[in-house]
Structure formats: structure tokens, C-alpha cells
Amino acid sequence: MNKKAVTKNEILEVGFFLFCEKNFLGKYVCRNNKNTPHVSLFQIAIEAYRLNSLLECFSEKFNNIDQRISLYIKSIKKIDGNIALDLSFTHESDKKAFLKIKKEVISFSLKYLTPHVFLSQINFQKLSNEEKKLVQKFGIHWGVSNKDISKPHLTLCYQKSLNEKYDEILLRDICFSKLGIGLIGYYGNVTKVIKEINLK
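Criteria and cut-off values
- Residues numbered from 1 in each chain as written.
- Predicted model: local features only at pLDDT ≥ 70, side-chain atom pairs only at ≥ 80, totals over all residues.
- Heavy atoms only, no water.
- Phe/Tyr/Trp six-rings, centres within 6.5 Å; stacked < 30°, edge-to-face > 60°.
- Buried < 20%, exposed > 50% of the residue type's maximum accessible area, 1.4 Å probe, protein only.
- Lys NZ or Arg CZ within 6 Å of the ring centre and 35° of its normal.
- Helix = DSSP H or I, 4+ residues; strand = E, 2+ residues; numbered from the N terminus.
- Pairing = 2+ DSSP bridges.
- Salt bridge = Lys/Arg side-chain N within 4 Å of Asp/Glu carboxyl O.

Before going further, it helps to examine the packing of aromatic side chains. As enumerated under the stated definition, the model contains 10 aromatic pairs in all. Aromatic pair F89 and F98: ring centres 5.4 Å apart, planes at 55 degrees, arrangement tilted. Both residues of the pair, F89 and F98, belong to the buried class. Counting every residue linked through ring pairs, the aromatic cluster contains F16, F58, F62, F108 and Y112. Its guanidinium or amino end placed over the ring of F62, K61 lies 5.8 Å from that ring's centre, counting from NZ or CZ.

Right, here's the structure in full:
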């Protein structure tokens, strides 16, 4: 069967993430949306024909990161209808490594932004002036401002009530051992991992 041809104006929604061991969170990850548990670093809308170039350049640039990142679960929160782990850094060195990777990922990704092409969840006209400025510069308005860039979280469930008890996982450390790229759904859920690099 022939593969579907990629048209020049086809848009993919892509994210850059830190991944922990897949089974670490086990029963706590809800199955109501297809998702691979992750900490988001950045998200972009990209023209599909540019994806292979992005993947190749990503591997070359980030193949030798020499530190895994350890975060601990500070609290459980409901954010925009989603159940999320509010994470903090286990050591100051983890914070420095996280910020270094995130800033490098953002700088790398900006080369692939297309003006006026946004993620489907962005309604530009309804944004505040400050948010519009961020979108015009980064393509998104969350996780990139000075106040948000160092606030990692991990979403357990999308569009679900906070009615389970998660006390037993509070304050546990999570080791993030992979840096990756994935296709994302409307809520930012990772529907498919398309590239992973092991952190050494």
C-alpha cells in the first residue's frame, strides 16, 4: 500500500519532552486519553515536510547530554481540568540541568516555527496582550515566560475529576532518563513518541 504523500501545508503538532521509566507511575496514569507520561519542555506546530530534518538535527544536537534529571512530587493539582503532579527539583544541579536543556530545546525549535501557524488549542484573538506577545515570539504562551520556565509538571489524567487518593506517591523522586519528541493531542497529551535520546 502506498504511503500518503505529505503536502507542504500539512501541519503537525509536536512536543519536546522528558520521559521517565514507562511503568513508574503505573496505576496512577489514567487511560481516558492516549498519553505517554512526560514533562513538557516546548511545543510547536510544524509543517509536516520539515519533520525529518527536525528529527535528524535534534539527534545531532542533543545526543550527548550528560545528566539525568531528578524531580520529586511536591503536590497533586487540578490544572485546566487535568490532574497533574506539581514537581520540584531534587537538587540544585537538577534545576540547572533542566533549565539548560529547556532553553536549548526552545532555541533549537524556534528555527522551525512558521509565522501565524499555531497549535490548535490557541485562540489568538482571546489572548491577553502579554500572551499574544509570547505567542508571536515562541508560538505558545505557556511554560516560556520568566515566571513559568522553571515550573515542571507531569499530567496524570486529562479532563478527569480529582477523586482518587495519591498520597502514597507524594514526595517520591522521579528520574527522567530520556529526552524525546512526540506528536501531541489537543490537551498536550503525547499520542505518539517519535524520537527518544537516553540521558547519560
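What follows deals with the pairing of strand β5 (residues 153-157). Burial analysis of β5 places four of its five residues in the buried class, the great majority of the element. Relative to β5, strand β4 (residues 82-89) runs antiparallel, the two sharing four bridges. Looking at β5, one finds that L85 is bridged to L154.

Using the criterion set out here, one finds four salt bridges in the structure. A salt bridge links K74 to D86; its shortest N-O distance comes to 3.9 Å. In this pair, K74 is assigned in strand β3 (residues 69-79) and D86 in strand β4, connecting sequence segments 12 residues apart. A relative accessible area of 43% means that K74 is categorised as partly exposed. Taking relative accessible area as the criterion, D86 reaches 16% and is therefore assigned buried. Close ionic contact of K100 with E104 constitutes a salt bridge, the shortest N to O distance being 2.9 Å. Placement of both K100 and E104 in helix α2 (residues 92-109) is noted, with a separation of four residues, approximately one turn of the helix. Here the salt bridges do not stand alone but share partners, grouping K74, K77 and D86 into one network.

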